[in-house]
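# Remarks on the overall topology
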Amino acid sequence: MHIPITSDRWTKEELDSGKDRIWTEIKRSFNIEDNQKKYCFQLAGKRHRGWRSFLINKFLKDEQGNFVKVERPMKYGNFITPEEWDDFVGKQIDDNDFKKVSEQIAREHQNPRIHTKKGVWDMHAYSKKL
């Protein structure tokens, strides 16, 4: 019943067996209907992202927000293997995909447009008229 911290997306098909075991454990522990499965997994996905964010902010960043390489926190040694921690750290420090997406979003927002019911209009052109 373990979802690795190195998984980027909660919806990956490779996690299905782990999620099936988690669902079985949830049903065993709580009186819950099958139609609540989607909600439970949405909540679990949020918790998983929160857990990863906590690990990054608490253990991988210094006071200035710069990434630092640190040893695996022994407090969570039962949940995180050394190999998994090394992969997680490497992925966070060398994540070029995130940087590329961030740069693309920044470029897109250099020319902001407002979407309204009447269509799209250029905010810069509107502000020049004022």
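First things first, this report covers the structure right here in the doc. Bear in mind the structure is a predicted one, so any value in this text is a computation, not a measurement. (Residues numbered from 1 in each chain as written. Predicted model: local features only at pLDDT ≥ 70, side-chain atom pairs only at ≥ 80, totals over all residues. Heavy atoms only, no water.)

Take the overall build of the chain next. Within the chain, the secondary structure is distributed over five helices and two strands. Ordered by position in the sequence, the α and β elements of the chain form the string α-α-α-α-β-β-α. Considering the chain as a whole, with its 130 residues, one finds that 22% of them fall into the buried category. Pairs at least 24 apart in sequence give 42% of the contacts found in the chain among residues at least 6 apart. Accessible area of the chain: about 10500 Å², with a carbon and sulfur share of 51%. (Helix = DSSP H or I, 4+ residues; strand = E, 2+ residues; numbered from the N terminus. Buried < 20%, exposed > 50% of the residue type's maximum accessible area, 1.4 Å probe, protein only. Contact = heavy atoms within 4.5 Å. Areas by Shrake-Rupley, 256 points an atom, 1.4 Å probe, with all protein chains shown as cover.)

To continue, consider helix 1 (residues 16–29). Side chains of residues three or four places apart in an α-helix project in the same direction, reflecting 3.6 residues per turn. Helix length check: helix 1 (14 residues) gives 20 Å between terminal C-alpha atoms against 20 Å at 1.5 Å per residue, within 8%. Taken together, the buried positions of helix 1 are G18, K19, I22, W23 and I26. For helix 1, the arc enclosing every buried residue in end-on projection is 140°, short of the 170-degree limit, so these residues lie on one face. Structural note: helix 1 exposes T24 and R28 on the side pointing more than 90 degrees away from its buried face. Buried residues belonging to helix 1 abut helix 2 (37–60). (Expected span 1.5 Å × (residues − 1). Arc of directions from axis to C-beta.)

Attention now moves to helix 2. A rise of 1.5 Å per residue sets the reference length of helix 2, with its 24 residues, at 34 Å; its end C-alpha atoms lie 33 Å apart and thus fit the reference within 8%. For helix 2, the full list of buried residues reads C40, F41, G45, H48, R52, L55, I56 and L60.

Going through the model one piece at a time under the given rule, you end up with three salt bridges. Of the charged contacts in the structure, one is a salt bridge between R28 and E25, with a shortest N-O distance of 2.3 Å. Linking R28 with E25, this pair stays in helix 1, spanning three residues, or about one helical turn. What makes R28 exposed here is its relative accessible area of 62%. For E25, a relative accessible area of 26% corresponds to the partly exposed category. (Salt bridge = Lys/Arg side-chain N within 4 Å of Asp/Glu carboxyl O.)

A few words on the packing of helix 1 against helix 2. At a minimum axis distance of 11 Å, the contact between helix 1 and helix 2 shows a crossing angle of 115°. Classified by the angle their axes make, helix 1 and helix 2 are roughly perpendicular. Handedness of the crossing formed by helix 1 with helix 2: right-handed. Residues K19, D20, I22 and W23 of helix 1 lie in contact with helix 2, whose contacting residues are K37, C40 and F41. Per-class residue counts for the contact of helix 1 with helix 2 are four nonpolar, no polar and three charged. (Axes fitted to C-alpha atoms, helices over the stretch in contact; angles between N-to-C directions. Parallel < 35°, antiparallel > 145°, perpendicular 65-115°, else oblique. Left-handed = near helix turned anticlockwise from the far one by under 90°. Nonpolar A, V, L, I, M, F, W, Y, C, P; charged D, E, K, R; others polar.)

Our focus in this paragraph is the packing of aromatic side chains. Applying the stated rule across the entire model yields seven aromatic pairs. The interplanar angle of 90° and the centroid separation of 6.3 Å between the aromatic rings of F54 and Y76 together place this pair among those described as edge-to-face. With F54 in helix 2 and Y76 in the loop between helix 2 and helix 3 (82–93), the pair connects residues that are 22 residues apart, well separated along the chain. When its relative accessible area of 34% is taken as the criterion, F54 is described as partly exposed. (Phe/Tyr/Trp six-rings, centres within 6.5 Å; stacked < 30°, edge-to-face > 60°.)

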